[in-house]
Amino acid sequence: MHSRFDHFFHFYFPVHSSPFFSRSLVGANHTSARFCSLGVIMEPATGKSSLFRNILARALIFGVLIMVFRFAYVVSITGESCTLSSFCFFSLPQNLNFIVPGASVSAIVGNDAVSRSDPRLDLYTSKEWIRAVHFYSSVFQDLISEGLLSPHSKSLCVETPLGQEVFALKEIGVENSIGIFKKAAKPLVVKGEGHQIPFDDNSFDFIFSGGARLDTSARPADFASEIARTLKPEGFVVVHVKANDTYSFNSLLDLFSSFNLVKTIDMAGFDSLMPYIREIVLRKDTVIRNHGGGKIPDGISGNKCSVPGHKRELVQKAEPLIEEEPLKPWITLKRNINNVKYLPSMVDISFKNRYVYVDVGARSYGSSIGSWFRKQYPKQNKTFHVYAIEADKTFHQQYESKKKTVTLLPYAAWVKNETLRFEINRDPGQEEVDELKDKGRGMGRIQPVKSSGGEVDEIQGFDFAEWLKNTVTESDFVVMKMDVEGTEFDLIPRLFKTGAICLIDEIFLECHYNRWQRCCPGQRSAKYEKTYGQCLQLFTSLRESGVLVHQWW
């Protein structure tokens, strides 16, 4: 009978790699030994066996099997944070919690952790929970085998709602592990958030963020900063993200500027919410690194910058420029706008610090901010702060009700700070064009010298390039629309000269030239001196420099 029992035991309970499972087997063997020492497991009868002795023997054997089954899978949660600031754990060896996956009568039993009546039992024994724990256990075991994690590492799992990651760490022997989430789920998870981690500086040896928590964070820069603060020097951080394009990868590395990239690996996820995972492993350092040309201290060295390679790659995917001058530009715009390859439609922009839209020559709110940017630009559910730069006083009043979402700069974007003349010119047939303009006002031009004709206002110009460098950084996502009535031939070179061009991710540029008159066939506008060829050259030079620019009309 003993050999049959051994066969039964090894068939249903094969040796598990988990150290906690090993403990359960030790406990089971110890229990069996106690029964044997009491003579409970009876030798085969040599004489007539009574019916009573047969029933008793079978009942005892059945009882032993039940005990082995209950203790087959042991997970010990040995502690909980005693103070959030000191990161210490109470050792509770008497509080062993047991879980048997897949059994309806399974329970996590403990003195203080989870009782049999606790509703979390349904969670801890669910297929989803077990699948997640197995997945993360495999991930962490690989990290241990590579020397990136050890059983002695003080570990933190950031933004873990249910604590499967913490559970998995403890299962493979990383005892000093805790998780944080905005709602605590003790004993695995205490209250805290990624952008405000409730622990002291240099508290942890290992930090993990799974489930694309960094992708969906509203404050990714603060998220990364808090990880850097609480991780010990030479400690490791591992993040699982959904984004897998080069642009997002470099944006993430920019967030962790004081880290070295150790490795990145692509893997299959464990559920439909995240079927694809990119795992990125970083090691904390004290020196700012240049991750493949994407980041240097302060972003721009002096007045020079070089557009990084991952941005240059996007230019190759952009819609082609219109080589031949359109006879009806206003119609060409409507057709071409459907061909525009918006940057957020090509890459993931989740890992940027802020999201900024700068409308240079904004005119009215409904002209482009309300009618185009708010409704058509793919923002990936990000909240953009909008700057409207408009010198014409006619449009200023309507921005009063938009103060919460739009910052109005009632000045003219220029190459330096100086007083300018704002000229309202009207071309032949302007009355027809004005029907499409707000309040019958034509588009204005600024002049650095006194104008000789037309309606003239005196306005204040400001150094747009320097303002941009003082307002945004390389870690921000910056979109710009520029419609400045010919001044683009002054502003664009200034952006290159100052290095501010590297701060812009995407430009929608209307280039002004002596186009054909809508009113008068065969006649060109005398309002602008530049030709379409010169405009095309401006677009070409921007793209050749790695700037993603689109033709606007």
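Residues numbered from 1 in each chain as written. Predicted model: local features only at pLDDT ≥ 70, side-chain atom pairs only at ≥ 80, totals over all residues. Heavy atoms only, no water.

Q: Looking at this structure, I do not really get the sheet that holds strand S4 (residues 177-181). What am I missing?
A: What holds strands together in a sheet is hydrogen bonding between their backbones, with the strands either parallel or antiparallel. With mixed pairing, seven strands are arranged side by side in an open sheet as S5-S4-S3-S6-S7-S9-S8. In this open sheet, the two edge strands, each paired with only one partner strand, are strand S5 (189-191) and strand S8 (259-268). Across the sheet, the axes of successive neighbouring strands diverge by a mean angle of 20°, strand direction being ignored. Where strand S3 (residues 155-158) and S4 come together, four bridges link them in parallel fashion. In the sheet register, Ser155 faces S4, and the bridge partner there is Ser177. Its contacts with the sheet put helix H8 (residues 220-230) on S3, strand S6 (204-209), strand S7 (231-241), S8 and strand S9 (276-284), and the angle it makes with S7 is roughly 145°. Packed on one face of the sheet, helix H9 (residues 246-255) meets S7, S8 and S9 and runs near 30° to S9. (Pairing = 2+ DSSP bridges. Helix = DSSP H or I, 4+ residues; strand = E, 2+ residues; numbered from the N terminus. Axes fitted to C-alpha atoms, helices over the stretch in contact; angles between N-to-C directions. Contact = heavy atoms within 4.5 Å.)

Q: Help me understand the pattern of salt bridges, please; the structure alone is not making it clear to me.
A: When the charged atoms of two side chains lie near each other, side chains of opposite charge can form a pair. Applying the stated rule across the entire model yields 14 salt bridges. Ionic pairing is found between Asp266 and Arg278, a salt bridge with its closest N-O pair at 2.9 Å. Here Asp266 is found in strand S8, whereas its partner Arg278 is found in strand S9, with 12 residues between them in sequence. For Arg278, a relative accessible area of 14% corresponds to the buried category. As a salt-bridge pair, Asp463 and Arg494 come within 2.5 Å of each other at their nearest N and O atoms. Of the two residues, Asp463 sits in strand S16 (residues 455-463) while Arg494 sits in helix H15 (residues 488-498), which places them 31 residues apart along the sequence. In this structure Asp463 comes out as buried when scored by relative accessible area, which is 10%. (Salt bridge = Lys/Arg side-chain N within 4 Å of Asp/Glu carboxyl O. Buried < 20%, exposed > 50% of the residue type's maximum accessible area, 1.4 Å probe, protein only.)

Q: What is the right way to look at the state of the cysteines in this model?
A: The term disulfide refers to a covalent linkage connecting the sulfur atoms of a pair of cysteines. A complete count under the given rule lists two disulfides for this structure. With a sulfur-sulfur separation of 1.9 Å, Cys305 is cross-linked through a disulfide to Cys502. Handedness of the Cys305-Cys502 disulfide follows from its S-S torsion of about 85°: it is right-handed. With Cys305 in the loop between S9 and helix H10 (309-315) and Cys502 in the loop between H15 and strand S18 (506-510), this residue pair connects regions lying 197 residues apart in the sequence. Looking at Cys305, the relative accessible area reads 28%, which means it is partly exposed. (Disulfide = S-S within 2.5 Å.)

Taken by themselves, the reported measurements are silent on function.
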